[in-house]
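This is what each chain is made of:
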Amino acid sequence: MSLIPGGTYWMGSEDFYPEERPVHQVTVDGFWMDTTAVTVAEFRRFVKATGHVTTAEIAPDAADYPDADPALLVPGSLVFTSPPGPVSLDDYTQWWSFTPGADWRHPEGADSNIGGRERHPVTHVSYFDAQAYAAWAGKELPTEAEWEFAARGGLDRQAYVWGDHDSPGGRPGGNVWQGQFPWENLLEDGYERTAPVGKFRPNGYGLLDMAGNVWEWTADHYTSDHAHSSKNVAPVSSCCIPRNPRAEFATEALAGQPYARRVIKGGSHLCAPNYCLRYRPAARQGESEESSTCHVGFRCIIRIPQE
C-alpha cells in the first residue's frame, strides 16, 4: 500500500463532462491505498479463503428484472467486442453484450480463462464483490473524494494523473484506447484488453494505473453532478470546505432500477478521446451496484485514525 498524506484540493472539472461540475474544494484526511488495483491472484486467494461467489456467477432474480428476456436471466456478465468497422456511437449494443458464463475466472466468456493473467486487475466484480473483498482484507473502499485526491498525486487542478497533456512525452500514460473507438484500436500502449498492473509510471503518491486499465469502484452513491450530492458533499452553497465528504445515500433514484448506482473512477482500457475521455482524476460515472463488466475492478484503502 502507498501512504496518501491527505490535504485540501480542488475536486471536479469544468472542462469536460457535466457530471464533473462544479469544481469545489475538499479536504481529506490521510490514508493508505492499495498501490495497484486488486489483481486476479489476490482475488483468487480471497475466494479460496471464503468461498465467495460473485454476482456474475449467480442468476439474476427475475423479480428484479420483470421485463427482461428470460434467456438473459442466467449467470454472466458484460463483455466488450470490437465491431469490424465504424458504428453509431449512440448505440452501445454494437460493442457491449451480456455474455452467459462470463465472470472473473472467464473474462471473455465460458471458453476463456485467467491463465497468464494473475497480475492483471480482477474484473467482472460488482460493488458487492468489491465490498466483500475489502471486508475480508480488513480494508474499505475509498470515497470518491479520497480516490480523486489520491489519483491527482499532488497535481491539483490538472487534467490528467501525469499533468495537463494527454500523452506525456508523446506516449500513452496509461492503458487507454488509441484510435477510433470502438472499432480501431491502434495498440500504441501495447495492450488490447487489460494490462498487468504496474506497466506504466506511478503518480506522485506512488500509485499505479490510476488512469485507464480498469474503472474502480468507490463507496459513494452516484449523482448527476456534485451540486446534487448529499449535504456532506454539496460544495455550491457551503461557506466551509467539506472534510472527508461522502455521498452515503442515493439521492437520485432511477425509475425501474432495482439497485442504486455507485461512482466508478479512473476510466479504462476502453476510454478514448472520441468517445469516453474519462481516464482523468475528475472523471466519474455511475454504475449499478450489481453490475459487472470486463473493464471494472477496484482497490482498497485503510484510513489513518485521527486524534
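Quick notes on the rules
- Residues numbered from 1 in each chain as written.
- Predicted model: local features only at pLDDT ≥ 70, side-chain atom pairs only at ≥ 80, totals over all residues.
- Heavy atoms only, no water.
- Helix = DSSP H or I, 4+ residues; strand = E, 2+ residues; numbered from the N terminus.
- Buried < 20%, exposed > 50% of the residue type's maximum accessible area, 1.4 Å probe, protein only.
- Pairing = 2+ DSSP bridges.
- Phe/Tyr/Trp six-rings, centres within 6.5 Å; stacked < 30°, edge-to-face > 60°.
- Salt bridge = Lys/Arg side-chain N within 4 Å of Asp/Glu carboxyl O.
- Axes fitted to C-alpha atoms, helices over the stretch in contact; angles between N-to-C directions.
- Contact = heavy atoms within 4.5 Å.

1. Considerations on unusual backbone geometry
Logical step 1: A cis amide bond links Arg 21 with the next residue in sequence, Pro 22, at an omega value of -10°.
Logical step 2: Within the element layout of this structure, Pro 22 appears in the loop between strand 2 (7-11) and strand 3 (24-28).
Logical step 3: Note that the residue after Phe 181, namely Pro 182, is joined by a cis bond; omega there is 0°.
Logical step 4: With respect to the helices and strands, the residue Pro 182 is situated in the loop between helix 3 (144-152) and strand 7 (215-221).
Logical step 5: Non-glycine residue Leu 187 carries a positive phi angle of around 55°.
Logical step 6: Here Leu 187 is to be found in the loop between helix 3 and strand 7.
Logical step 7: Of the residues examined, Leu 187 reaches a relative accessible area of 38% and is grouped as partly exposed.
Logical step 8: In this structure, Asp 209 is a non-glycine residue whose phi angle is positive, near 60°.

2. Digging into the sheet that holds strand 10 (residues 296-297)
Logical step 1: Spatially, the four strands line up as an open sheet ordered 9-8-7-10, and their pairing is mixed. In this open sheet, the two strands that pair with only one neighbour each are strand 9 (285-288) and strand 10.
Logical step 2: Pairing between strand 8 (residues 261-265) and strand 9: four bridges, direction antiparallel. When the bridges of strand 9 are listed, Ile 264 appears paired with Gln 285.

3. A look at the packing of aromatic side chains
Between two aromatic rings, the relevant description is the distance of the centres plus the angle of the planes.
Logical step 1: Evaluation of the coordinates by the stated rule reveals 22 aromatic pairs.
Logical step 2: Their ring planes at 65° and their centres at 5.9 Å tell us that Tyr 127 and Trp 217 sit as a pair that is edge-to-face. With Tyr 127 in helix 2 (residues 127-136) and Trp 217 in strand 7, the pair connects residues that are 90 residues apart, well separated along the chain.
Logical step 3: Judged by its relative accessible area of 5%, Tyr 127 is buried.
Logical step 4: Using a relative accessible area of 0% as the deciding quantity, one classes Trp 217 as buried.
Logical step 5: Here the aromatic residues Phe 43, Phe 46, Trp 104, Tyr 133, Trp 136 and Phe 298 are joined through ring pairs into a cluster of three or more.

4. As for the pairing of strand 5 (residues 76-80)
A regular strand carries its side chains on alternate faces of the sheet.
Logical step 1: With respect to burial, strand 5 is a largely interior element, four of its five residues being buried.
Logical step 2: Taken together, the five bridges between strand 5 and strand 6 (residues 96-100) define a ladder with antiparallel strand orientation. Considered in strand 6, the bridge of Phe 80 is made with Trp 96.

5. Some thoughts on the pattern of salt bridges
Logical step 1: A complete count under the given rule lists 15 salt bridges for this structure.
Logical step 2: The partner of Glu 148 in a salt bridge is Arg 152, and the shortest N-O contact between them spans 3.0 Å. Of the two residues, Glu 148 and Arg 152 are both situated in helix 3; the distance of four residues between them amounts to about one turn of the helix.
Logical step 3: Accessibility expressed as a relative area gives 0% for Glu 148, which makes it buried.
Logical step 4: Take Arg 152: its relative accessible area is 4%, and that puts it in the buried class.
Logical step 5: Each of Glu 144, Glu 148, Arg 152, Lys 265 and Arg 284 takes part in a single network of salt bridges with overlapping partners.

6. Notes on the sheet that holds strand 4 (residues 31-33)
Logical step 1: Pairing is antiparallel across the open sheet formed by three strands, whose spatial order is 1-4-11. In the strand order of this sheet, the two ends are held by strand 1 (2-4) and strand 11 (301-303), each with one partner. On average, each strand axis in the sheet is tilted by 25° relative to the strand beside it, whichever way the strands run.
Logical step 2: Pairing between strand 1 and strand 4: three bridges, direction antiparallel. Bridge pairing links Leu 3 to Trp 32 in strand 4.
Logical step 3: Across the sheet, helix 3 touches strand 1, strand 4 and strand 11, and the angle it forms with strand 4 is around 70°.

As far as function goes, none of this settles anything; it's purely spatial.
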